[in-house]
Amino acid sequence: MAEVKLTAAARTDFGKGAARRIRREAQVPAVIYGHGGEPVHVSLPGHDLMMALKTPNVLLSLDIEGRTELVIPKQVQRDALKGFIEHVDLLVVERGETVTVEIRVQTEGDLAPGGNLLEHTLTALPVEAEATHIPESVTVSIAGLEAGASVLAKDIVLPAGAALAVDGETVVLHVVAGSVEAAAGAEGTEA
């Protein structure tokens, strides 16, 4: 995973009014916390931050007035209607440190014929990984799975350096039988 370098400016103004002024200047208010230190309030360039957050679990290298901090996004608050970033909570990490994050579960292949449906019980899988080597996603083959089949967390092959942070018996994907016959029968009785 590549590091994204951003320049952050420390801020001393707090509250709604100050946050609105920061956003008007195309900046995003953020809080950096972790490792027992006091929270640090900063503002980040809005467009650069938005582009960086397109990568899941991105590692950010922040230059805060000459000091460098490695952080990962912990929580991102977005405007409900327009979708722009309103605030970000960032967690301080160190090289070699293990962190718990959620990685996206992707599927490949086709289910067995017969109108089966795939149910994603978990869309993101909690894993522990080294902070500078967080995988973006994990791919699971669903080729040929029939109704009633399940994929458990322990069955998923994780990238090197990652370990499950959830019980291995947790169901991640489940195949259910489609109700094609039931829907076709209901349409026939209405006619």
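Keep in mind it's a predicted model, so treat the numbers as computed, not measured. (Residues numbered from 1 in each chain as written. Predicted model: local features only at pLDDT ≥ 70, side-chain atom pairs only at ≥ 80, totals over all residues. Heavy atoms only, no water.)

## Overview of the confidence of the model for the protein
Segments scoring low in pLDDT should not have their predicted coordinates read at a detailed level.
Inference 1: Averaged over every residue, the pLDDT of the protein is 86; the share at 70 or more is 93%.
Inference 2: Confidence, read as mean pLDDT per element, is least for helix H3 (residues 180-190) in the protein (51) and greatest for strand E6 (residues 85-92) (92). (pLDDT = per-residue confidence, 0-100. Helix = DSSP H or I, 4+ residues; strand = E, 2+ residues; numbered from the N terminus.)

## Comments concerning the environment of Ala162
Inference 1: Assignment of secondary structure puts Ala162 in the loop between strand E11 (150-152) and strand E12 (163-164).
Inference 2: With 132 residues separating them in the primary sequence, Ala162 and Ala30 have C-alpha atoms 28 Å apart.
Inference 3: Residue contacts for Ala162: discarding those within four places in its chain leaves Glu128, Ala129 and Pro135. (Contact = heavy atoms within 4.5 Å.)

## What about helix H1 (residues 16-24)?
Inference 1: Along H1, the residues classified as buried are Ala18, Ala19 and Ile22. Take H1 and look down its axis: the buried residues cluster within an arc of 100°, on one side only. Facing away from the buried side of H1, by more than 90 degrees, are the exposed residues Lys16 and Arg24.
Inference 2: Buried residues along H1 sit against strand E2 (27-34) and strand E3 (37-45). (Buried < 20%, exposed > 50% of the residue type's maximum accessible area, 1.4 Å probe, protein only. Arc of directions from axis to C-beta.)

## Observations regarding the sheet that holds strand E10 (residues 137-141)
Inference 1: Within the open sheet, the four strands sit side by side as E10-E7-E9-E12. Their pairing is mixed. Each edge of the open sheet is held by one strand with a lone partner, namely E10 and E12. (Pairing = 2+ DSSP bridges.)

## As for the pattern of salt bridges
Inference 1: Inspection of every chain in the model, using the stated rule, returns four salt bridges.
Inference 2: A salt bridge links Arg95 to Glu3; the shortest N-O distance between them is 2.5 Å. Here Glu3 lies in strand E1 (residues 3-10) and Arg95 lies in the loop between E6 and strand E7 (98-108), a separation of 92 residues in the sequence.
Inference 3: For Arg95, a relative accessible area of 54% corresponds to the exposed category.
Inference 4: Glu69 serves as the salt-bridge partner of Arg67, at 3.5 Å between the closest nitrogen and oxygen. (Salt bridge = Lys/Arg side-chain N within 4 Å of Asp/Glu carboxyl O.)

## Side note on the pairing of E1
Inference 1: Strand direction decides the pairing type here: E1 and strand E4 (residues 59-64), joined by six bridges, are parallel. By the bridge assignment for E4, Thr7 is matched with Asp63.
Inference 2: Of the strand pairs in this sheet, E1 and E3 are connected by two bridges, and their pairing is antiparallel. The partner of Ala9 across the bridge, within E3, is Ser43.

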